[in-house]
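Understanding the architecture of this molecule
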Amino acid sequence: MENEIRKKRIFSGIQPSGELTLGSYMGAIKSWVDLQDEYDCIYCIVDMHAITVRQNPAELRRRSVAQLAQYIACGLDPQKNIMFIQSHVPQHAELAWILGCYTQFGELSRMTQFKQKSQQHADNITAGLFTYPVLMAADILLYQADLVPVGADQKQHVELTRDIAQRFNGVYSDTFTLPEPFIPKMGARVMSLGNPANKMSKSDPDGCVYLMDKPEDIRRKFKRAVTDSETAVKFDKENKPGVSNLLTIYCAATGKTMEEAEADFAGQGYGVFKPAVADAVVELLRPIREESERLIADKAYLEGIYREGAQHAQYLANKTLAKVQRKIGFAAR
Ligand code: ATP
Ligand code: LTN
């Protein structure tokens, strides 16, 4: 086994802080599905990250399990990938504490997500919100991940993870694999339909499309999508951010290139374009929604998967954690 070529390892996660959106799908889950055959993949439901802002306990519990159903419905095969809930593997918290002692206050202060979220939640800026990227570093480094498929907004956190790993390796000799972000070409940053200057996010119900939205909701949201006062369907991020976002969504949903997409709508106005984008998204999401609904009803099946996932993850995580504890000088148990 030892001389068998090890597949490269992937780790990624999404917070169950709201319903999954087209942004989380196009920025992350779609790549996860594409990568599952070639890599050794671990996909996590990061509930410990979700509590960095206040959550309703019953909703958090429901969404954590529903998110697993959605991962599977999006095409992740539980036979091929390890899938688990972060809080079921306490090694994440243990390594996060240690890595926090190798992370500078100044580094965390520079994180854009922290700056944004602390503005959004100005009445509750917790230490957890500040140290959130350290927990993310622990997630990734525990499994010696080579690649981290995420949307563009998470690039900075993966880079910080690399810096922390490099620093630790420098002090104690090689311990952690240095991870690389993997960011999709199309759909890396899906913007809000209501305000194309902002990223599409779970907490903006009108600007975002949820994976579980019904076709009529999806069509209504695209009908209202902000465009501009011109008529041409052209990709021009600077001057036509709304139309460019819709084109990007269309390409990511259909697999077409930008040139093909522009050609599809040459000489046609937004009255044809917007419903066509909506249709593409409806067809993309229909099987995902239907399969999610079916799986969510099968609690025992989901429980089996996340329990087995956590066991497998703990086995892998312990190997790294034990090595780290020994290197930094914790007494043997
Ligand atoms: P929150 O609003 O709670 O911060 P979010 O929707 O911004 O959540 P997550 O769902 O936690 O973010 O992100 C999950 C993954 O999806 C991450 O890899 C992130 O980069 C990606 N992602 C999220 N929103 C978008 C988006 N609008 N475009 C592209 N990728 C996205
Ligand atoms: N911070 C990420 C979620 C996340 C993650 C991770 C992504 C937590 N731990 C590890 C990749 C790898 C977010 O907000 N989307």
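What comes next concerns the included structure. Quantities reported herein were computed from a predicted structural model and do not represent experimental measurements. Position numbers for residues start from 1 in each chain and track the written sequence from start to end. Here every chain gets a letter starting at A, and every ligand a number starting at 1, in the order they are written. Thresholds applied to this predicted model are a pLDDT of at least 70 for local features of residues and 80 or more for the giving and counting of side-chain atom pairs; totals over whole chains, interfaces and linings are not thresholded and use all residues. Here the side-chain values reflect all heavy atoms present in the structure, with hydrogen atoms and water set aside.

1. With respect to the site of ligand 1
Surveying the vicinity of ligand 1 reveals 21 residues, the closest of which are Lys 117, Asp 153, Val 190, Lys 199 and Lys 202. Contact between ligand 1 and Gly 23: a nitrogen atom at 3.2 Å from a main-chain N or O atom of the residue. Here a polar contact is recorded for every N or O atom pair within 3.5 Å, except that within protein the pair must consist of a potential hydrogen donor and a potential acceptor, and residues adjacent in sequence are included only if both atoms are side-chain atoms. A distance of 2.4 Å separates an oxygen atom of ligand 1 from a polar side-chain atom of Lys 199. Here the Shrake-Rupley method, with its probe set to 1.4 Å, supplies the accessible areas, and only the displayed protein chains count as covering residues. When the free accessible area of ligand 1 is taken as 600 Å², the share hidden by the protein chains comes to 93%. If even one non-hydrogen atom of a residue comes within 4 Å of a molecule or strand, that residue is called near it.

2. Overview of helix H1 (residues 22-35)
Here H1 is 14 residues long and its end C-alpha atoms lie 19 Å apart, about the 20 Å a rise of 1.5 Å per residue gives. When the local axis directions of H1 are compared, the greatest deviation, roughly 40°, occurs at Ala 28. Partly exposed describes any residue whose relative accessible area lies between the buried limit of under 20% and the exposed limit of over 50%, with all areas from a 1.4 Å probe on protein chains only and scaled to the type maximum. Secondary structure follows DSSP: runs of H or I at least 4 residues long count as helices, runs of E at least 2 residues long count as strands, and numbering of each begins at the N terminus. By the criterion of burial, H1 is predominantly enclosed, with 11 of the 14 residues buried. Among the residues of H1, those classed as buried are Leu 22, Gly 23, Ser 24, Tyr 25, Met 26, Gly 27, Ala 28, Ile 29, Ser 31, Trp 32 and Leu 35. Put simply, Thr 21 is the residue that caps the front of H1, since its side-chain oxygen is 3.0 Å from the backbone nitrogen of Gly 23. Any helix carries an expected span of 1.5 Å times its number of residues minus one. Here the bend at each residue means the angle between axes fitted to two seven-residue stretches, the one ending at that residue and the one beginning there.

3. A closer look at the site of ligand 2
If you check the shell around ligand 2, you find 14 residues, and the closest are Gln 15, Tyr 132, Met 136, Asp 139 and Gln 154. A distance of 2.7 Å separates a nitrogen atom of ligand 2 from a polar side-chain atom of Asp 139. The set of elements that each furnish at least two residues to the shell around ligand 2 consists of strand E1 (9-14) and helix H7 (127-142). Looking at the shell around ligand 2 element by element, the count peaks at 4 residues for H7.

4. Re the nonpolar core
Counting residues in hydrophobic clusters, the biggest one holds 60 residues, and the most contacted among them are Leu 22, Tyr 71 and Phe 222. Here this core gets 11 residues from one element, more than from any other, and that element is helix H12 (residues 270-296). Sequence-distant contacts of Tyr 71, that is, excluding residues within four places in its chain, are made with Gly 13, Ile 14, Leu 20, Ile 29, Trp 32, Tyr 43, Cys 44, Ile 45, Leu 76 and Met 83. Put simply, a nonpolar core is a bunch of buried Ala, Val, Leu, Ile, Met, Phe, Trp, Tyr and Cys residues held in one set by side-chain atoms that sit within 4.5 Å of each other. One finds Ile 42, Leu 129, Phe 130 and Tyr 143 within the second-largest nonpolar core, a separate group that totals 42 residues. Contacts: residue pairs with any heavy atoms within 4.5 Å of one another.

5. Thoughts on the pairing of strand E3 (residues 82-85)
Taking every second residue as pointing to the same face, both faces of E3 are buried, with Ile 82 and Phe 84 on one and Met 83 and Ile 85 on the other. Note that strand E2 (residues 40-45) and E3 share 4 bridges and pair parallel. Each residue of the ladder has a partner; that of Ile 42, found in E3, is Ile 82. Each pair of strands is called paired provided DSSP finds at least two bridges between the two strands.

6. With respect to the pairing of E1
Side chains on a regular strand alternate between the two faces of the sheet. Counting buried positions over the 6 residues of E1 gives 5, a clear majority of the element. Relative to E2, E1 runs parallel, the two being bridged by 6 bridges. Its bridge partner lying in E2, Phe 11 is registered against Ile 42. Here, the term right-handed applies to a crossover whose path from the first strand over the helix to the second runs clockwise when the strands point away from the viewer. Viewed along the sheet, the connection from E1 through H1 into E2 turns out right-handed.

7. Some points on empty space enclosed by the protein
The distinction between a cavity and a pocket rests on a 1 Å grid over the protein atoms alone: a 1.4 Å probe fits inside a cavity but cannot get out, while a pocket stays open yet meets protein on both sides within 12 Å along at least five of seven lines, and a residue with an atom within 4 Å of a point counts as lining. Grid points are joined across faces, edges and corners, and a volume is the space filled by probe spheres set on the points. For the structure on display, the rule yields 2 cavities of 30 Å³ or more. Looking at the largest cavity, its volume works out to about 40 Å³. Here the residues of the lining of the largest cavity are counted per class, giving 2 nonpolar, 3 polar and 2 charged. When its volume is computed, the second largest cavity comes out at roughly 30 Å³. Lining of the second largest cavity is provided by Gln 113, Phe 114, Lys 117, Leu 129, Tyr 132, Pro 133 and His 157. When contributions to the lining of the second largest cavity are tallied by element, the ones reaching two or more residues are helix H6 (112-120) and H7. Under this grouping Gly is polar, as are all residues other than the nonpolar Ala, Val, Leu, Ile, Met, Phe, Trp, Tyr, Cys and Pro and the charged Asp, Glu, Lys and Arg. Class assignment of the residues belonging to the lining of the second largest cavity gives a composition of 4 nonpolar, 2 polar and 1 charged.

8. Some details on the state of the cysteines
Here, the word disulfide means a covalent bond between the sulfur atoms of two cysteines. Disulfides are defined as cysteine sulfur pairs within 2.5 Å. In this structure the tally under the stated criterion is 0 disulfides. Residue Cys 41 stays outside any disulfide, its sulfur separated by 14 Å from that of Cys 44, the closest cysteine. Here Cys 251 is not disulfide-linked; the sulfur of Cys 74 is the nearest cysteine sulfur, at 20 Å.

9. Overview of the pattern of salt bridges
Take a side-chain nitrogen of Lys or Arg and a carboxyl oxygen of Asp or Glu: if they are within 4 Å of each other, that pair is a salt bridge. Enumeration over the complete set of coordinates arrives at 20 salt bridges. Between Arg 167 and Glu 107 there is a salt bridge, with its nearest N and O atoms 2.8 Å apart. Here Arg 167 is found in helix H8 (residues 155-172), whereas its partner Glu 107 is found in helix H5 (residues 105-109), with 60 residues between them in sequence. Overall, Arg 167 belongs to the partly exposed group, its relative accessible area being 29%. Between Lys 256 and Asp 264 there is a salt bridge; the shortest N-O distance is 2.6 Å. Within the structure, one salt-bridge network assembled from shared partners comprises Glu 19, Glu 59, Arg 62 and Arg 63.

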